[in-house]
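# Structural features, examined
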Amino acid sequence: MTNLIKHKRVEFSELFYDLVFVFAISKVTALIHHLHNGILTWNSLLDFFMSVLLLIDSWMIQTDYTNRYGKNSLFNIVIMFIKMGILLFIANMIGPDWQQYFHYVCWAIGTLTLTLFFQYLVEFFKKSTDNVHRESIKGFLWITGLRSLEIYLAALLPIYIGVYILYASILLTFITPITSISKDDHFQVNLPHLIERISLLVIIMFGEMITNLANFFTIENFSIYSVLYFIIMISLFLFYFGQFDHAIDEKSNQKGLFLIYSHYPIFIGLMMMTVSMGFLQNPEANRLFATSFFYIGIGLFQAAVLANGPYNKHYLRYSKSYYCVQATLYLAALILSLIFASNPIIVVSITTILALAIAIHSIYFYMTQTKKHSTPYWELF
């Protein structure tokens, strides 16, 4: 099996489109910023997870289209601009009181999905599209077409009924590609382009973390926490960067399905860590909750990054002992942090050591394996 397209560069229009998600992600993260009696309510968590699925799923379907068929044509650029306007509209309605805008939200989401449907429909009827690709496109036509109809139906119903249809359509759109793509033997992606696009979205998530950390880098608020949080962020970035920019095998013929779905916990984990940094400084926060929430985020991020190990270059695939060391570091830090949950500085110090340790461990593994099996290309200057 060969790749559908040879190397595909990320277009400026794609990067411009991503700017909307900078704003949208900040709105989604804000859903879990506010505590109630020291913890997050289940309603806040549900709104957060559903909003993440909605935004990321829309981004992923668009990225899949661009990766496989999209060209920097006038049609695609115009559609992308329309989507940006719709996404801004949706993002501004994301909040704790989003239910009062329920019907507007549904009309906007339905229309956003419909634009994706039309993009795939145009590709389906193009003369240059062969029968093999048409069969593959059919799956996405069904996914986007049915989702549009379901969400438009939700918009026509009272909220106490429509909200369940909205949630069901979001979940079905999230789950359905797993089965349809798995069964499609002809489904192929341009893996380097897909990795680059997903990594750029991860960078946006780190950008949201930097925005929150900026509050700790003022004359009034600068402290040891500022330094430790910054080290944690850098270490997590190096851990991710080492895996997806250096270790993963971009020449493999994988469909990219696991790569896509494994990034959902990475996105959620980064957002959870971002807000937890504020929770640990909040005197009204339940210390045990803040610490647990922080470590759930770290665990999701670390586990999802490591789960991509089987898709690495052959000499950079992780051994059982490598996974054991990573798991031991996490569990030891988690237990110690829960024991000292009442003391935020100790928790943050332990977490900093953990973040540094998993990053150093991965870098050491990469450097030693590369020296043995390949030609190193790093330099001090």
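Residues numbered from 1 in each chain as written. Predicted model: local features only at pLDDT ≥ 70, side-chain atom pairs only at ≥ 80, totals over all residues. Heavy atoms only, no water.

As a further point, take the overall build of the protein. A tally of helices and strands in the protein yields twelve helices and zero strands. Along the protein, helices (α) and strands (β) appear in the sequence α-α-α-α-α-α-α-α-α-α-α-α when read from the amino end. The C-alpha radius of gyration of the protein comes to 22 Å, within 12% of the 21 Å expected for a compact globule of 381 residues. On the principal axes, the C-alpha backbone points of the protein span a range of 60 × 55 × 35 Å. (Helix = DSSP H or I, 4+ residues; strand = E, 2+ residues; numbered from the N terminus. Rg over C-alpha atoms; globule rule 2.2 N^0.38 Å.)

Another aspect to go through is the nonpolar core. If you look at the biggest cluster of nonpolar residues, it comprises 118 residues, and the most contacted ones within it are I198, Y229, I266, L270, F293, Y295 and F301. No other element matches the 15 residues that helix α9 (residues 257-279) contributes to this core. The residues touching F301, leaving out its near neighbours within four places in the chain, are F206, L236, F239, Y240, P265, I266, L270 and M273. (Core = buried A, V, L, I, M, F, W, Y, C linked by side-chain atoms within 4.5 Å. Buried < 20%, exposed > 50% of the residue type's maximum accessible area, 1.4 Å probe, protein only. Contact = heavy atoms within 4.5 Å.)

On to a nonpolar patch on the surface. On the surface, F217, F222, I224, V227, F230, I234, L238, F241 and I363 cluster together into a nonpolar patch covering about 740 Å² of accessible area. Ranked by residue count, the leading element in the nonpolar patch is helix α8 (residues 224-247), at six residues. What makes F230 partly exposed here is its relative accessible area of 40%. (Patch = residues over 30% accessible without salt bridge, like charges linked within 9 Å, V, L, I, M, F, W, Y side chains within 5 Å. Areas by Shrake-Rupley, 256 points an atom, 1.4 Å probe, with all protein chains shown as cover. Salt bridge = Lys/Arg side-chain N within 4 Å of Asp/Glu carboxyl O.)

All right, on to the side chain of R147 then. Within the secondary structure, R147 sits in helix α5 (residues 131-156). At 3.3 Å, the side chain of R147 and the side chain of D57 are in polar contact. Those residues in contact with R147, other than ones at most four positions away along the chain, are L54, D57, S58, I109, T113 and T173. (Polar contact = N/O pair within 3.5 Å; in protein donor to acceptor, adjacent residues only side chain to side chain.)

All right, on to the packing of helix α2 (residues 42-68) against helix α4 (residues 102-125) then. Helix-helix packing: each pair is described by the crossing angle between the helix axes and the interaxial distance. Relative to each other, α2 and α4 sit at 15°, their axes nearing to 11 Å. Relative to α4, the element α2 lies roughly parallel. As α2 runs across α4, the sense of the crossing is left-handed. Facing α2, whose interface residues are L54, S58, I61, Q62, D64 and Y65, α4 presents I109, L112, L116, Q119, Y120 and E123. In the contact of α2 with α4, the residues fall into seven nonpolar, three polar and two charged. (Axes fitted to C-alpha atoms, helices over the stretch in contact; angles between N-to-C directions. Parallel < 35°, antiparallel > 145°, perpendicular 65-115°, else oblique. Left-handed = near helix turned anticlockwise from the far one by under 90°. Nonpolar A, V, L, I, M, F, W, Y, C, P; charged D, E, K, R; others polar.)

Here we come to the environment of L316. Among the secondary structure elements, L316 is positioned in the loop between α10 (287-307) and α11 (320-339). Measuring from C-alpha to C-alpha, the distance between L316 and I137 comes to 34 Å, with 179 residues separating the pair along the chain.

This part covers α9. Each α-helix turn comprises 3.6 residues. Residues three or four places apart therefore point the same way. In a regular helix each residue adds 1.5 Å, so 23 residues correspond to 33 Å; α9 covers 34 Å between its end C-alpha atoms and thus fits that length. α9 sits mainly inside the fold: 20 of its 23 residues count as buried. (Expected span 1.5 Å × (residues − 1).)

Turning to unusual backbone geometry, a few remarks are in order. Residue N37 is not a glycine yet carries a positive backbone phi of 55°. Tracing the sequence through the fold places N37 in the loop between α1 (12-30) and α2.

This next bit is on the environment of N212. With respect to the helices, strands and loops of the structure, N212 is situated in helix α7 (residues 191-213). Judged by its relative accessible area of 17%, N212 is buried. It is 38 Å that separates the C-alpha atoms of N212 and L149, two residues lying 63 residues apart in sequence. Not counting residues within four places of it along the chain, the set of residues in contact with N212 comprises H33 and T274.

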